[in-house]
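Chain by chain, the residues:
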Amino acid sequence: GRARPQMLVVAPLADLVPAEDGDDGAGSVTARLLLRTATGRRRITRTLTRRLAEDATVSPVFTDDDDIPVAVGDSFSQITEAMRRAVTARDQGCRMPGCNVPAAHTDLHHVIPRHQDGPTEVANLVAVCRRHHTQLTRHRWRLTLDPDGTLHTRIGRRTYTTRPRLRPPPTPPAQPAHPPDPDVPF
């Protein structure tokens, strides 16, 4: 499969503790975001950050006053591997109308975005290719996911419906080349 985006969030450790001048709370954390994708470096915008953070592996890195890393947290993702396998089994590729990108090359997209309190659960996730993931974020298309996995995509005034891809029906058993002889008893 395709490599998942990885995000390193680098923050000064001093920003996490109260100031020595008697301030009773920590100041605001100033963090840098480092992003690595399979395609190399990319310009990071707020929209890109929000979109990739939904599907990326995130690792916190804390630095001292000289910007030297002193602590690195374990990487984590809001989307578990079990969720990813369940959505992949249901969707079997990009769910956008007319797209045939296979599941190994898809991101998982929150139907109700996380910043709108959308839950990170299978019933709120769909597989979409990177190109459609970008378009979903940029154009603010509206998605609705039914309990049976049917996806409704509203683009402007049109609504497109896609159902989860099903495996092909089983192949019927092979028929004999010619009918059996009725005089043969078996």
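Please refer to the structure higher up on the page.
This report concerns the structure included in the present document. (Residues numbered from 1 in each chain as written. Predicted model: local features only at pLDDT ≥ 70, side-chain atom pairs only at ≥ 80, totals over all residues. Heavy atoms only, no water.)

## Some details on the overall build of the chain
Point 1. Across its full length, the chain holds three helices and nine strands.
Point 2. Mapped from its N terminus to its C terminus, the chain presents α and β elements in the order β-β-α-β-β-α-β-β-α-β-β-β.
Point 3. Put simply, the chain has 186 residues, and 31% of those count as buried.
Point 4. For the chain, restricting intrachain contacts to residue pairs at least 6 apart in sequence, the fraction spanning at least 24 positions comes to 54%.
Point 5. Surface summary for the chain: the accessible area is close to 12700 Å², and the carbon and sulfur share equals 54%. (Helix = DSSP H or I, 4+ residues; strand = E, 2+ residues; numbered from the N terminus. Buried < 20%, exposed > 50% of the residue type's maximum accessible area, 1.4 Å probe, protein only. Contact = heavy atoms within 4.5 Å. Areas by Shrake-Rupley, 256 points an atom, 1.4 Å probe, with all protein chains shown as cover.)

## Some thoughts on unusual backbone geometry
Point 1. Of note, the phi angle at Asp67 is positive, near 60 degrees, even though the residue is not glycine.
Point 2. Mapped onto the elements of the fold, Asp67 is located in the loop between β3 (57-63) and β4 (69-72).

## Remarks on the sheet that holds strand β7 (residues 142-145)
Point 1. One open sheet holds the three strands; their spatial order is β7-β8-β9, and the pairing between them is antiparallel. At either margin of the open sheet sits one strand with a lone partner, and together these are β7 and β9 (158-162). Averaged over all adjacent pairs, the angle separating strand axes in this sheet is 20 degrees, with direction ignored.
Point 2. Looking at chain direction, β7 and strand β8 (residues 151-155) are connected through four bridges and run antiparallel. (Pairing = 2+ DSSP bridges. Axes fitted to C-alpha atoms, helices over the stretch in contact; angles between N-to-C directions.)

## A word on the pairing of β4
Point 1. Bridge count for β3 against β4 is three bridges, and the pairing is antiparallel. Note that in β4 the partner of Thr63 across the bridge is Pro69.
Point 2. From the end of β3 to the start of β4, which pair antiparallel, there are five residues, and Asp67 there has a positive phi angle of about 60 degrees.

## Considerations on a nonpolar patch on the surface
Point 1. A cluster of nonpolar residues, Leu13, Leu16 and Val70, forms a patch on the protein surface that exposes about 230 Å² of accessible area.
Point 2. For Val70, the location among the structural elements is in strand β4.
Point 3. Owing to a relative accessible area of 47%, Val70 belongs among the partly exposed residues under this scheme. (Patch = residues over 30% accessible without salt bridge, like charges linked within 9 Å, V, L, I, M, F, W, Y side chains within 5 Å. Salt bridge = Lys/Arg side-chain N within 4 Å of Asp/Glu carboxyl O.)

## A few points about the nonpolar core
Point 1. Formed by Cys94, Met96, Cys99, Val111, Val126, Val128, Cys129, Leu136, Trp141, Leu143, Leu145 and Leu151, the largest nonpolar core amounts to twelve residues.
Point 2. Sorting the residues of this core by element identifies β6 (125-129) and β7 as the ones contributing at least two each.
Point 3. The element that contributes the greatest number of residues to this core is β6, accounting for three residues.
Point 4. In this structure, Leu143 is in contact with His109, Val111, Val126, Leu136, Leu151, His152 and Thr153, ignoring residues within four places of it in sequence.
Point 5. Grouped together as the second largest cluster of nonpolar side chains are six residues, Met83, Val87, Leu108 and Ala127 included. (Core = buried A, V, L, I, M, F, W, Y, C linked by side-chain atoms within 4.5 Å.)

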